[in-house]
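# Structure at a glance
Residues per chain, in single letters:
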Amino acid sequence: MSWVSLAVLFAVGAGARWFAGADHNIQEDSFLLLESARHLLRTGQYLVPSVGEVDGLLHWSSPSWPIGYPLMLAGLFKVFGPTESVARLGTIACSGLLSPLTAYFTFQFSGRRPLALIAGALAALHPLGIAFGGQLFTNNLSVTLYAGSLCATAVATVRRDREGFVPFAELALDAARRRALVAAALLFGFMLSVRDTDVLLGGPLLYMVYRSGVFSRAIGDMWHASVGVVAIAAMALLVGWTPSLYSNFRVFGSPLVSTHYQTGIRLSGSYLVSGSNFFFGLPGIAVMVVAIAACQLPALFAVPALGSARPLVKDVAVMTGLLALPMLLVNGAFPVASTGAAPRYVLPLVPFACLFGATAIERAWSRPRHAAAAIVAAVVIGWNAFMLYPPPVLFRIWSGFAYLTYYSPAYVARPYHNYPDHTNAMVRWVTTHTPEDALIVTPSQASHFFVYGHRAVCVLDTLTVGDWNSHVSRRPVFLVEDKNLALHPEVISSLRGRLSEGGLQLAGVGDIEVFTPEAGLTTVRVYRVEPVVSKTAS
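Residues numbered from 1 in each chain as written. Predicted model: local features only at pLDDT ≥ 70, side-chain atom pairs only at ≥ 80, totals over all residues. Heavy atoms only, no water.

## Some words on the overall build of the protein chain
When helices and strands are counted, the protein chain shows 27 helices and seven strands. Over its C-alpha atoms the protein chain spans a radius of gyration of 26 Å, differing by no more than 12% from the 24 Å that the globule rule assigns to 538 residues. Each principal axis of the C-alpha distribution contributes one length, and for the protein chain these read about 105 × 60 × 45 Å. Scored against the burial criterion, the 538 residues of the protein chain give a buried share of 55%. Sequence separation of at least 24 residues holds for 70% of the intrachain contacts in the protein chain that already meet a minimum separation of 6. Counting only carbon and sulfur atoms, one obtains 64% of the accessible surface of the protein chain, whose full area is about 22900 Å². (Helix = DSSP H or I, 4+ residues; strand = E, 2+ residues; numbered from the N terminus. Rg over C-alpha atoms; globule rule 2.2 N^0.38 Å. Buried < 20%, exposed > 50% of the residue type's maximum accessible area, 1.4 Å probe, protein only. Contact = heavy atoms within 4.5 Å. Areas by Shrake-Rupley, 256 points an atom, 1.4 Å probe, with all protein chains shown as cover.)

Structure, rendered in structure tokens:
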């Protein structure tokens, strides 16, 4: 692969992510990561903010993510300034690297430059990569590090004639292969410093090392050198993981802990098999199946059609299975996945899916009269184009199709009737129609009103009737619905009853149109919370 072609793939991938990205945070996680990086730069402490306590101020608490991504952002802020644009550009640059890394990964397994370029182009224009690549998520950095680790492991283990894997004893004697294996371990360690839960992605890497015969008796007299290579690789992994281990020790008092577990996030076996009230009530494992199907399955459909087209295709298929299975079981037991996070968790499948998709396209091109190859190639191209821009006419047929907008680049910066970006529409209304000293009460995503609306914020669930009265006595107070609250008017009815007992009432002052997959076009309302005006006898 030439550096020029890799640079072009990077430019296309990064450009697509910049063009399709929003100029503001859409999710709460993005705000927390951005502010934690700024706080890390100012104070040297890695903490995350919470917005919307009873006092309406920022509070700092232990993080749910390892330090890697905020540390990278803090480094960028140190050089270029602590702005959201700098954070977004840095993240886009990381995500843009996924395209040339996918091309290089494909080249290592095929030896064919045209095939690698097609795979890289598919990765550059991958709908899921574009949709999330311009947003501030730890996934973007961790997936790039993972793809780099895959490439380095392939360089270390795959034979130069692409006919199989080198014996581990040969790897131990080859300086270039040893360096590649150490680099793979170092990158994997860095990835764990970004997302420690991504340890479940290690299957394909271990498989490549296993196929090279690391446990084989054929190592013979070379076992000293082999053990030395493994030991150095393990040390490199530890070096890459050190930022997270040190941060864990400072924050939690122990290096070998999970930040998710320490902050109260748990896997749920019941959710894995029974589901919840999110996403049609599907079980967690089914949610992950849908995520893989929507984002990767057309390319993975190419696997059965490939036959023996590539000597290593069976190994790549096994590696894909080793990656997908823990995604289904572990992420399927993570209840947050059904709220919209599931697609981000299948991003590591992109290099594999693009390799298979490129092989299907190349085969159809070289065998134009082969009907099966043409059909598979058409499915790969057509489905990816559909996911880039699902036509709005579908949402009029069935509002549930609007779930696709959450994963489609066309709707990230240009939401469909304020979906899925409805909170920022509410922020714009608040900024225009409420006084600067107003207190905003909202059920979710309070950070948006704090950061973009420049208003004090409280979360609805934290307030007692006494809190409501205290706030109303001192400043204008507005309740801003989110789309979930708008779909459940009984919540507002219950709140009216509670407030009336305290001498308060809700007065509607604004409506904003929002499209939801659950109900189609609906209205999200803003209320002013006021004292009840008593009626005097005439």
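## Looking at the packing of aromatic side chains
For the structure shown, the criterion picks out 13 aromatic pairs. Taking 5.8 Å as the distance between ring centres and 80 degrees as the angle between the ring planes, the aromatic pair formed by Phe132 and Phe137 counts as edge-to-face. On the accessibility criterion, Phe132 (3% relative accessible area) is buried. Residue class for Phe137 comes out buried when judged on its relative accessible area of 2%. Pairwise contacts between aromatic rings join Tyr389, Phe395, Tyr411, Tyr416 and Phe515 into one cluster. The ring of Phe107 carries the charged tip of Arg162 above its face, separated from the ring centre by 5.0 Å. The lysine or arginine in question, Arg266, covers the ring of Tyr261, its NZ or CZ lying 3.6 Å from the ring centre. (Phe/Tyr/Trp six-rings, centres within 6.5 Å; stacked < 30°, edge-to-face > 60°. Lys NZ or Arg CZ within 6 Å of the ring centre and 35° of its normal.)

## Here's the deal with the packing of helix H8 (residues 138-157) against helix H10 (residues 175-194)
Describing two packed helices takes the angle between their axes plus the distance from one axis to the other. Running from amino to carboxyl end, H8 crosses H10 at an angle of 165 degrees, the nearest separation of the two axes being 8 Å. In terms of orientation, H8 and H10 fall into the roughly antiparallel class. Here H8 runs over H10; the crossing is left-handed. In this structure, H8 contributes Thr138, Leu141, Ser142, Leu145, Tyr146, Gly148, Ser149, Ala152, Thr153, Val155, Ala156 and Thr157 to the contact, and H10 contributes Arg177, Ala180, Leu181, Ala183, Ala184, Leu187, Phe188, Phe190, Met191 and Val194. A breakdown of the residues in the contact of H8 with H10 according to their chemical character gives 15 nonpolar, six polar and one charged. (Axes fitted to C-alpha atoms, helices over the stretch in contact; angles between N-to-C directions. Parallel < 35°, antiparallel > 145°, perpendicular 65-115°, else oblique. Left-handed = near helix turned anticlockwise from the far one by under 90°. Nonpolar A, V, L, I, M, F, W, Y, C, P; charged D, E, K, R; others polar.)

## Re helix H25 (residues 465-472)
Listing the buried residues of H25 in full gives Asp467, Trp468, His471 and Val472. Around the axis of H25, the buried residues are gathered within 125 degrees of arc, so they sit on the same side. Of the surrounding elements, those touching the buried residues of H25 are strand E3 (439-442), strand E4 (456-459), strand E5 (477-480), helix H27 (489-501), strand E6 (504-516) and strand E7 (520-531). (Arc of directions from axis to C-beta.)

## Re the nonpolar core
Counting 116 residues, the largest nonpolar core has Tyr69, Phe105, Phe109, Tyr146, Val346 and Phe449 as its most contacted members. Those residues within four positions of Phe109 in sequence are excluded, and the remaining contacts are Ala154, Val158, Arg162, Phe165, Met208, Leu312, Val316, Met319 and Leu355. The next biggest cluster of nonpolar side chains, apart from the first, holds 18 residues, and it includes Cys458, Leu460, Leu485 and Tyr527. (Core = buried A, V, L, I, M, F, W, Y, C linked by side-chain atoms within 4.5 Å.)

## Describing a nonpolar patch on the surface
Nonpolar side chains collect at one region of the surface, where Leu267, Ile285, Val289, Leu325, Leu329 and Val330 lie side by side and expose about 490 Å² of accessible area between them. Residue assignment for the nonpolar patch shows that the elements contributing at least two residues are helix H15 (284-295) and helix H18 (313-330). Here the nonpolar patch takes three residues from H18, the largest share from any one element. Within the secondary structure, Ile285 sits in helix H15. Take Ile285: its relative accessible area is 33%, and that puts it in the partly exposed class. (Patch = residues over 30% accessible without salt bridge, like charges linked within 9 Å, V, L, I, M, F, W, Y side chains within 5 Å. Salt bridge = Lys/Arg side-chain N within 4 Å of Asp/Glu carboxyl O.)

## Some points on the sheet that holds E3
Spatially, the five strands line up as an open sheet ordered E4-E3-E5-E7-E6, and their pairing is mixed. Only two strands of the sheet have a single partner each, and these edge strands are E4 and E6. Here the strands of the sheet are splayed against their neighbours by 25 degrees on average, with no regard to which way each runs. Running at roughly 165 degrees to E6, H27 makes contact with E5, E6 and E7 of the sheet. (Pairing = 2+ DSSP bridges.)

## Topic: the pattern of salt bridges
Considering all chains together, one arrives at eleven salt bridges under this definition. A salt bridge links Glu362 to Arg112, with the nearest nitrogen and oxygen atoms 2.7 Å apart. Here Glu362 is found in helix H20 (residues 350-366), whereas its partner Arg112 is found in the loop between helix H5 (98-110) and helix H6 (113-124), with 250 residues between them in sequence. Note on Glu362: relative accessible area 12%, which makes it buried. Look at Arg112 and you get partly exposed, because its relative accessible area is 36%. When salt bridges that share partners are traced, they join Arg160, Asp174 and Arg177 into one network.

## Quick notes on the pairing of E5
Residues of E5 alternate between two faces, with Val477 and Leu479 on one and Phe478 and Val480 on the opposite face, all of them buried. Here E3 runs beside E5; their pairing, made up of three bridges, is parallel. Counted as the bridge partner of Val441 is Leu479 from E5. Alignment of E5 against E7, held across four bridges, turns out to be antiparallel. Each bridged residue has a counterpart across the sheet, and for Val480 the counterpart in E7 is Val526.

## Some details on helix H11 (residues 203-211)
When we look at burial in H11, the residues that qualify are Pro204, Leu205, Tyr207, Met208 and Val209. Residues of H11 that are buried make contact with H5, H8, helix H9 (168-173), H10, H18 and H20. Of the residues one or two after H11, Gly213 is the one with positive phi, at around 85 degrees.

## Things to note about unusual backbone geometry
Cis geometry marks the peptide bond from Tyr419 to Pro420, where omega comes out at 10 degrees. One can find Pro420 in the loop between helix H22 (393-397) and helix H23 (422-433). Of note in the backbone geometry, Asn418 takes a positive phi value of approximately 70 degrees without being a glycine. The topology assignment puts Asn418 in the loop between H22 and H23. A positive phi angle, near 55 degrees, is found at His454, a position not held by glycine. Here His454 shows up in the loop between helix H24 (446-451) and E4.

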